[in-house]
Amino acid sequence: MGQSEQEPLPPSDPRLPPGQRAQRGWPALHYGPVPRFKPLTWELQVFGATASAEKHSWDFAAFNALPRTTVRADLHCVTKFSMLGNEWTGVPAAAVLDLVPPAPGVTHVMVWAEYGYSANLRLADFADPRTIFATHRNGEPLTVEHGFPVRLIVPQLYAWKGPKWVRAVEYMRADRRGFWEERGYHNLADPWREQRYSYQEEPGDGPLR
Ligand SMILES: Nc1nc2c(c(=O)[nH]1)N[C@H]1C(S)=C(S)[C@@H](COP(=O)(O)O)O[C@H]1N2
Ligand SMILES: [Mo]
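In every chain, residue numbers begin from 1 and rise along the written sequence. Chains and ligands are labelled sequentially in the order written, the chains with letters from A and the ligands with numbers from 1. Only residues with pLDDT of at least 70 get local features here, since the model is predicted, and only at 80 or more are side-chain atom pairs given and counted; chain-wide, interface and lining totals rely on the full set of residues. Side-chain numbers here rest on the full set of heavy atoms in the structure, without hydrogens or water.

J.: Residues and numbers for the overall build of the chain, please.
T.: Working definition: helices are DSSP H or I runs of at least four residues, strands are E runs of at least two. Numbering for both runs from the N terminus. Looking only at helices and strands, one finds three helices and 11 strands in the chain. For the chain, the N- to C-terminal ordering of α and β elements is β-β-β-α-β-β-α-β-β-α-β-β-β-β. Expected size for 209 residues packed as a compact globule is a radius of gyration near 17 Å; at 18 Å, the chain falls within 12% of this value. Counting only C-alpha atoms and orienting by the principal axes, one finds that the chain spans roughly 80 × 40 × 30 Å. Each residue gets one of three labels from its accessible area relative to the maximum for its type: buried under 20%, exposed over 50%, partly exposed in between, using a 1.4 Å probe on protein chains only. When each of the 209 residues of the chain is scored for burial, the buried share is 47%. A contact between two residues is defined here by any heavy atoms of the two lying within 4.5 Å. When contacts within the chain are restricted to residue pairs at least 6 apart in sequence, long-range pairs at least 24 apart make up 67% of them. Carbon together with sulfur atoms contributes 54% to the accessible area of the chain, which is approximately 11200 Å² in total. When we talk radius of gyration, it's over C-alpha atoms, and the globule rule is simply 2.2 Å times the number of residues to the 0.38. Computed with a 1.4 Å probe, the accessible areas rest on the Shrake-Rupley method; for each residue, only the protein chains presented here act as cover.

Here it is as structure tokens:
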């Protein structure tokens, strides 16, 4: 007698993929230093297998004149924290594909950031209507630690697939591993399937290493 009943655990938030917990605050996580923004030389480039066979680039003013949208999406870091309910504003990746169409046969893109950070994506993940080159979160411009002036957000994948300080998109006719994908992280990175590490990959999930 006298033993109190155990409190039931609160139901976990259905927005949290397996193994993730919700984070208050917003930690900054990246490999290497934070780059300084140089507005006069900054450009966002699209190169590789474009339909025109030419590379394309937007300087900062031209990038800021591209069509914009807002996407509500969660961010899931593979280190197991998630930031729920962010409102990202910026340029939809689909607009980049419309303005600089890929050549027939393009299946993947590599998204490049300052200092050579990169992440590979299937074309379908890049073309997803929620994939966005974000300049703002919750109405505020990104701080430099979080990727100012622009970072990619790919809501349906772990957050390493979204380079901060993004500078280029490479259209590819075959898959190739990006920075973390070469260093032991899963080529596909679906948080709902807990695709964290490359040892979990099944045949066909990625290029041979
Ligand atoms: N350029 C660059 N982008 C990056 C990274 C990085 O190391 N370099 N880390 C990724 C990882 S692992 C995560 S979890 C998110 C973290 O974003 P945040 O620092 O805004 O929370 O950025 C991603 N984008
Ligand atoms: Mo991460």
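So much for the structure itself; the text now carries on.
J.: Got a sec to walk through the site of ligand 1? Specific residues and values, please.
T.: Around ligand 1 sit 17 residues, and of these L29, Y31, H146, R151 and K164 come closest. Taking Y31, its main chain carries an N or O atom lying 2.7 Å from an oxygen atom of ligand 1. Between ligand 1 and the protein, one listed contact pairs an oxygen atom with a side-chain N or O atom of R151 at 2.7 Å. In isolation ligand 1 has 530 Å² of accessible area, and contact with the protein removes 96% of it. Split into classes, the residues belonging to the shell around ligand 1 amount to 12 nonpolar, three polar and two charged. Whether a residue is near a molecule or strand depends on its heavy atoms: it is near if one of them lies within 4 Å of it. The definition of a polar contact used here is a pair of N or O atoms within 3.5 Å, where within protein one atom must be able to donate a hydrogen and the other to accept one, and adjacent residues in sequence count solely through side-chain atom pairs. For this classification, the nonpolar set comprises Ala, Val, Leu, Ile, Met, Phe, Trp, Tyr, Cys and Pro, the charged set comprises Asp, Glu, Lys and Arg, and every other residue, Gly included, is treated as polar.

J.: How would you summarise the pairing of strand β5 (residues 81–92) if you had to cite specific residues and measurements?
T.: In terms of burial, β5 is a largely internal element, 11 of the 12 residues being buried. Whether two strands pair depends on DSSP finding at least two bridges between them. Alignment of strand β1 (residues 21–22) against β5, held across two bridges, turns out to be parallel. Bridging from a neighbouring strand, R21 pairs with F81 of β5. Two elements, strand β4 (residues 69–76) and β5, share seven bridges in a ladder whose sense is antiparallel. By the bridge assignment for β5, T70 is matched with T89. Taking the residues between adjacent antiparallel strands as the criterion, β4 and β5 are bridged by four residues, where K80 takes a positive phi near 95°. Pairing of β5 with strand β8 (residues 132–137) involves five bridges; the strand directions are antiparallel. Within β8, the position partnered with V91 by the bridge is F133.

J.: Please provide a residue-by-residue account of the confidence of the model for the chain, values included.
T.: Each residue carries a pLDDT score, the predictor's confidence in it, ranging from 0 to 100. On average, residues of the chain carry a pLDDT of 95, and 96% of them reach 70 or more. Confidence scores differ between elements of the chain, with β1 showing the lowest mean pLDDT of 96 and strand β11 (residues 166–172) the highest of 99.

J.: Could you give me a rundown of unusual backbone geometry, with the residues and numbers involved?
T.: Here the residue pair F148 and P149 is connected by a cis peptide bond, since its omega of 10° sits within 30 degrees of zero. For A53, which is not a glycine, the phi torsion comes out positive at approximately 65°. Mapped onto the secondary structure, A53 falls in the loop between β2 (43–48) and β3 (56–59). For A53, a relative accessible area of 64% corresponds to the exposed category. Phi is positive for Y115, close to 65°, though the residue is something other than glycine. Within the secondary structure, Y115 is located in the loop between β6 (108–113) and β7 (118–122). Given the relative accessible area of 59%, Y115 is considered exposed.

J.: So what's going on with the UniProt feature "domain: Oxidoreductase molybdopterin-binding" (unreviewed entry) in the chain? Which residues, and what values?
T.: Per the UniProt annotation, the sites labelled "domain: Oxidoreductase molybdopterin-binding" (unreviewed entry) are residues 32–180. In the segment residues 32–180, helix accounts for 11% and strand for 40%; the C-alpha atoms at its two ends are 13 Å apart. UniProt positions are given in the numbering used here, feature names are shortened, and annotations may be inferred rather than shown by experiment.

J.: Explain the sheet that holds β11 residue by residue, including any values.
T.: With mixed pairing, the five strands of this open sheet are ordered in space as β3-β2-β11-β6-β7. Unpaired on one side and paired on the other, β3 and β7 mark the two borders of the sheet. Neighbour-to-neighbour, the strand axes of the sheet open up by a mean angle of 15°, direction not taken into account. Of the strand pairs in this sheet, β6 and β7 are connected by five bridges, and their pairing is antiparallel. Residue M110 lies in a different strand from β7, and its bridge partner there is N120. To get an axis, fit a line to the C-alpha atoms, keeping to the stretch in contact for a helix; angles then go from 0 to 180 degrees between the N-to-C directions.

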